[in-house]
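Residues per chain are reported as follows:
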Amino acid sequence: MDDTDSRKGMCTTYVGAVIVRRLRERGIPVFGFPRLIRLNPNIPWKTRGNCSICLLCEDTPAAEEIALQTVEELAELEVESTNPGVVFYRGEVPPELQAFSRKTVQEVVTLEEAEELAERVGAEIHRFKLGRGIIGALAAVGHPLKDFTFELLAYRRPEFWGKPRKVDPSSVVEIDKRTSPRTFDNLDPTTGEIRITPHTPCPVLYGIRGESPEAVLEAHSMVRALEPVDFYQIYQTNQATDEHLVRIPNLREIKPLLSVVAEGIVSRPPRILPGGHVIFSISDGTAEVDCAAYEPTRDFRFVASSLRVGDRVRVYGAAKQRAGLPLTVNLEKLEILQLSPAFKKLNPRCPRCGKRMKSEGKDKGYSCPRCGEKAGAGSQELVEVERKLSAGLYEVPPRARRHLSKPLIRMGRVY
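Calculation criteria
- Residues numbered from 1 in each chain as written.
- Predicted model: local features only at pLDDT ≥ 70, side-chain atom pairs only at ≥ 80, totals over all residues.
- Heavy atoms only, no water.
- Helix = DSSP H or I, 4+ residues; strand = E, 2+ residues; numbered from the N terminus.
- Buried < 20%, exposed > 50% of the residue type's maximum accessible area, 1.4 Å probe, protein only.
- Contact = heavy atoms within 4.5 Å.
- Pairing = 2+ DSSP bridges.
- Core = buried A, V, L, I, M, F, W, Y, C linked by side-chain atoms within 4.5 Å.
- Phe/Tyr/Trp six-rings, centres within 6.5 Å; stacked < 30°, edge-to-face > 60°.
- Polar contact = N/O pair within 3.5 Å; in protein donor to acceptor, adjacent residues only side chain to side chain.
- Salt bridge = Lys/Arg side-chain N within 4 Å of Asp/Glu carboxyl O.

Turning next to the environment of Gly-276. Of note, Gly-276 is situated in the loop between strand 10 (259-272) and strand 11 (278-283). On the basis of relative accessible area, Gly-276 is assigned to the buried category, the value being 19%. Distance from Gly-276 to Arg-298, taken between C-alpha atoms, is 9.0 Å for residues 22 residues apart in sequence. Contacts of Gly-276, omitting those with residues within four sequence positions, involve Glu-295 and Arg-301.

Right, dumping it as structure tokens:
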């Protein structure tokens, strides 16, 4: 099931969670945790979170009826951009369907491709309106979840939808202290901003991400919500895995709408644009690409702005290209592989008395104020200075992190 987001606030995860509840109320077993699969975040026509849901249950006509009726009831079909799809699949997942799933996370997939695949593998598809959601629904069915995390989503009672969320911030601080790194992205460490509560009018009160069901349940038990929680659902998910990133052999291979990992040498120094955005360029001999750290990335921009021409870096992020503008990688992470040396020029020392000489003016050389000794204009000393940066891997703060981006805390590296 996919594509039930809308501008008014309904979300795919809520519809999936309601289906799970209704199945269990009817005595239909649901096996394991339902899956929440995030797809390519760069697709222009994507829903807000670009996610799909898959659950494994007992094969009964009633299960299909519940799923279809729930989507029709809760999906805001009057919204033009809402085009849900539901897929039913029976049997072992074939490699072709797994490959399709990976493609939807990393590349662009058409509705026609999804329809043709469904016919080949025998998947039963149901479209609502344009039915673009069958792309994500098939991807969720086929996803192997080799790397995964968990998210516990607590939902609000309908009478609270659209109203300000009420969660005690001090409880979230305590959660982070007691459960990190088993849970992550609970708050922004630099600003203290609470990150478990969304800012959209959707039914979610809060979401807790972690490495295991036990970790997110423990954190959930510590949340002091100042409004009643209607119910919660734990999803197994590809969030925080970097699955969307594609390693590119050279910069010439970067294409718009891909999320890439690529290496290059800083070829143009960082420049600060109006609004506080930082742009620099890298090259590898095959192409030159701009890289951007936008204002919401806050302190991460200091890393980008401190780069110098000649630094060797690895960039992680989404490749975007707007009309009339160069291809740009919107940075999610930045790895400094090697810093180029930095030097400053000092006036030469007098060869007779050792005192630092003074300039006689532009291109006029130097003279010693003590003994009058002269030196030519090109006799300055070059002294290497310490860089403000260190080699290492840097990331944007939680406030700017995409669902799929793997935080450094999951990689065992924090700088």
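The next thing to look at is the pairing of strand 3 (residues 85-88). Residues Gly-85 and Val-87 line one face of strand 3 and the alternating positions Val-86 and Phe-88 line the opposite face, and both faces are buried. In the sheet, strand 3 pairs with strand 4 (residues 124-127) via 4 bridges, with the strands oriented antiparallel. By the bridge assignment for strand 4, Val-87 is matched with Ile-125.

In terms of nonpolar packing, the biggest core is built from 30 residues, with Tyr-14, Leu-23, Val-71, Tyr-155 and Tyr-235 touching the most fellow members. When residues in this core are grouped by element, the largest group, 7 residues, is from helix 2 (residues 61-74). When neighbours within four sequence positions are excluded, Leu-23 is seen to be in contact with Ile-28, Val-30, Leu-55, Cys-57, Ala-63 and Ile-66.

As a further point, take the packing of aromatic side chains. Counting across every chain of the model gives 6 aromatic pairs. When the ring of Tyr-14 is compared with that of Phe-231, the centres are 6.0 Å apart and the planes differ by 40 degrees; the resulting orientation is tilted. Note that Tyr-14 is positioned in helix 1 (residues 12-25) and Phe-231 in strand 8 (residues 229-237), a separation of 217 residues in sequence. The same class applies to Tyr-14 and to Phe-231, which are both buried. Residues Tyr-155 and Phe-231 carry aromatic rings whose centres are separated by 5.1 Å and whose planes lie at 35 degrees to one another, so their mutual orientation is tilted.

In this structure, Ser-281 sits in strand 11. Within the local environment of Ser-281, its side chain forms a polar contact with the side chain of Asp-290, the two groups lying 2.7 Å apart. Those residues in contact with Ser-281 that sit more than four places away from it in its chain are Ile-265, Val-266, Ser-267, Arg-268, Arg-271, Glu-288, Val-289 and Asp-290.

What follows concerns the pattern of salt bridges. All told, the structure shown has 29 salt bridges when counted by the stated rule. Measuring nitrogen to oxygen at the nearest pair gives 2.7 Å for the salt bridge that ties Arg-401 to Asp-185. In this pair, Arg-401 sits in the loop between strand 20 (392-395) and helix 9 (408-411) while Asp-185 sits in the loop between strand 6 (183-184) and strand 7 (204-210), placing the two residues 216 residues apart along the sequence. In this structure, Glu-211 engages Arg-410 in a salt bridge whose closest nitrogen and oxygen atoms are separated by 2.6 Å. Taken together, the positions of Glu-211 in the loop between strand 7 and helix 7 (213-222) and Arg-410 in helix 9 put the pair 199 residues apart, joining distant regions of the chain. Look at Arg-410 and you get buried, because its relative accessible area is 17%. Three or more residues joined by partner-sharing salt bridges are found here, namely Asp-59, Glu-64, Arg-90 and Glu-124.

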